[in-house]
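Residue-level structural notes
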Amino acid sequence: AQSVAQPEDQVNVAEGNPLTVKCTYSVSGNPYLFWYVQYPNRGLQFLLKYITGDNLVKGSYGFEAEFNKSQTSFHLKKPSALVSDSALYFCAVRDTGYQKVTFGTGTKLQVIP
Amino acid sequence: DTAVSQTPKYLVTQMGNDKSIKCEQNLGHDTMYWYKQDSKKFLKIMFSYNNKELIINETVPNRFSPKSPDKAHLNLHINSLELGDSAVYFCASSLLDSGAGVGYTFGSGTRLTVV
């Protein structure tokens, strides 16, 4: 079985400050991990993924995520938040050898001007 | 434009009716998905097809029936609509994962409201 948890329903951060959106996962094998962003009334957009290799993954719009195997986490980060980053962020996981991707419950990011 | 396109974007219908949502992708992907997003924004997989073959079929009422005439299309038909079916339905596509951990491309959603 696989699962993913996003412990924060909402994260507020001031514009220009660093942001972190948390994600932890559970798989029986090795994980494929993803972050997606959803703007209002839009579909999800792929941001970045971790498959193997370097634990720090860089993605679109200046976002990055750090894979931590010992903590089973894959937190999304950005050094300097923009108001336009305000959106709903989903973490997702897929266990290797398993076709289904499981999405987290989403975290609403609010960047305050 | 290369994309996943869904029609209609909005659908308002009465309880008991039968309706269909269409999805098409021109990305050359071989796998397509239907997800349901409820009012709390939870996303749940419903179905997945690879080259017209059903590969994921979650616990979904059998009033929901997917149809994939070819690998570029995946339609969703819903019979006897109920109030609880109101949600946003997202179509997505990808290449079947061969170990690359592919990301999905989502359509912009169909907001279904059952009254």
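Quick note: structure is the one above.
Described below are features of the structure shown in this document.

The rules behind each value
Residues numbered from 1 in each chain as written. Chains lettered and ligands numbered in written order. Predicted model: local features only at pLDDT ≥ 70, side-chain atom pairs only at ≥ 80, totals over all residues. Heavy atoms only, no water. Phe/Tyr/Trp six-rings, centres within 6.5 Å; stacked < 30°, edge-to-face > 60°. Helix = DSSP H or I, 4+ residues; strand = E, 2+ residues; numbered from the N terminus. Buried < 20%, exposed > 50% of the residue type's maximum accessible area, 1.4 Å probe, protein only. Contact = heavy atoms within 4.5 Å. Buried area = accessible area lost by both parts, 1.4 Å probe. Salt bridge = Lys/Arg side-chain N within 4 Å of Asp/Glu carboxyl O. Pairing = 2+ DSSP bridges. Axes fitted to C-alpha atoms, helices over the stretch in contact; angles between N-to-C directions. Disulfide = S-S within 2.5 Å. Polar contact = N/O pair within 3.5 Å; in protein donor to acceptor, adjacent residues only side chain to side chain.

All right, on to the packing of aromatic side chains then. Scanning the entire structure with this criterion turns up 17 aromatic pairs over all chains. Aromatic side chains Tyr36(A) and Phe106(B) sit 5.7 Å apart centroid to centroid with 80° between the ring planes, which places their arrangement in the edge-to-face category. Here Phe106(B) lies in strand E10 (residues 105-106) and Tyr36(A) lies in strand E5 (residues 31-38), a pairing that spans two chains. For the residue pair Tyr36(A) and Phe106(B), the accessibility class agrees, reading buried in each case. With centroids separated by 5.8 Å and ring planes inclined at 50°, the aromatic side chains of Tyr35(B) and Phe106(B) adopt a geometry described as tilted. In this pair, Tyr35(B) sits in strand E4 (residues 31-37) while Phe106(B) sits in strand E10, placing the two residues 71 residues apart along the sequence. A residue is classified by how much of its surface remains accessible, and Tyr35(B), at 1% relative accessible area, is buried. Under the relative-accessibility criterion, Phe106(B) is labelled buried at 9%.

Counting residues at the interface gives 22 residues for chain B, matched by 19 residues for chain A. Buried area between chain B and chain A, summed over both chains or domains, comes out near 1700 Å², and the portion from carbon and sulfur atoms is 55%. Linking chain B to chain A there are one salt bridge. In this structure, Lys100(A) engages Glu58(B) in a salt bridge whose closest nitrogen and oxygen atoms are separated by 3.1 Å.

Our focus in this paragraph is the sheet that holds strand E3 (residues 19-25) of chain B. Residues and elements named next belong to chain B. If you trace the four strands from one edge of the open sheet to the other, you get E1-E3-E8-E7, paired in antiparallel fashion. In this open sheet, the two edge strands, each paired with only one partner strand, are strand E1 (4-7) and strand E7 (64-70). Averaged over neighbouring strand pairs, the angle between their axes works out to 20° when direction is ignored. Strand direction decides the pairing type here: E7 and strand E8 (residues 73-78), joined by five bridges, are antiparallel. Counterpart to Lys67 in the pairing with E8 is Asn75.

Another point: the state of the cysteines. All names here are of chain B. Within this structure, the stated rule accounts for two disulfides over all chains. Here Cys23 connects covalently by a disulfide to Cys91, the sulfurs 1.9 Å from one another. Where Cys23 bonds to Cys91 through sulfur, the torsion about that S-S bond is close to -80°, and the disulfide is left-handed. Linking Cys23 in strand E3 with Cys91 in strand E9 (residues 87-94), this pair joins segments that are 68 residues apart in sequence. Judged by its relative accessible area of 0%, Cys91 falls in the buried class.

Take the side chain of Gln38(A) next. Relative to the assigned elements, Gln38(A) resides in strand E5. Residue classification places Gln38(A) among the buried residues on the basis of a relative accessible area of 7%. A distance of 2.9 Å separates the side chain of Gln38(A) from the backbone oxygen of Arg42(A), its partner in a polar contact. Ignoring any residue separated from it by four or fewer positions in sequence, one finds Gln38(A) in contact with Gly43(A), Leu44(A), Ala87(A), Leu88(A), Phe90(A), Gln37(B) and Phe90(B).

All names here are of chain B. Counting buried residues along strand E5 (residues 43-50), seven of its eight residues qualify, which places the element largely inside the surrounding structure. If you look at the hairpin formed by E4 and E5, you'll find five residues sitting between the two strands, and Lys41 has a positive phi there, around 75°. The turn joining E5 and strand E6 (residues 53-57), which pair antiparallel and follow one another in sequence, is formed by two residues; a positive phi near 50° is taken by Asn51.

Here we come to the pattern of salt bridges. Tallied over the full model, the rule gives six salt bridges over all chains. The residue Lys77(A) makes a salt bridge to Glu66(A) at a minimum N-O spacing of 3.6 Å. Taken together, the residues Lys77(A) in strand E9 (residues 73-78) and Glu66(A) in strand E8 (residues 64-68) connect sequence positions 11 residues apart. The partly exposed category is assigned to Lys77(A), whose relative accessible area is 28%. On the basis of relative accessibility, which here comes to 39%, the residue Glu66(A) falls in the partly exposed class. In this structure, Lys78(A) engages Asp85(A) in a salt bridge whose closest nitrogen and oxygen atoms are separated by 2.8 Å. Lys78(A) gets classed as buried once you look at its relative accessible area, which sits at 7%. Here the salt bridges do not stand alone but share partners, grouping Arg63(B), Glu82(B) and Asp85(B) into one network.

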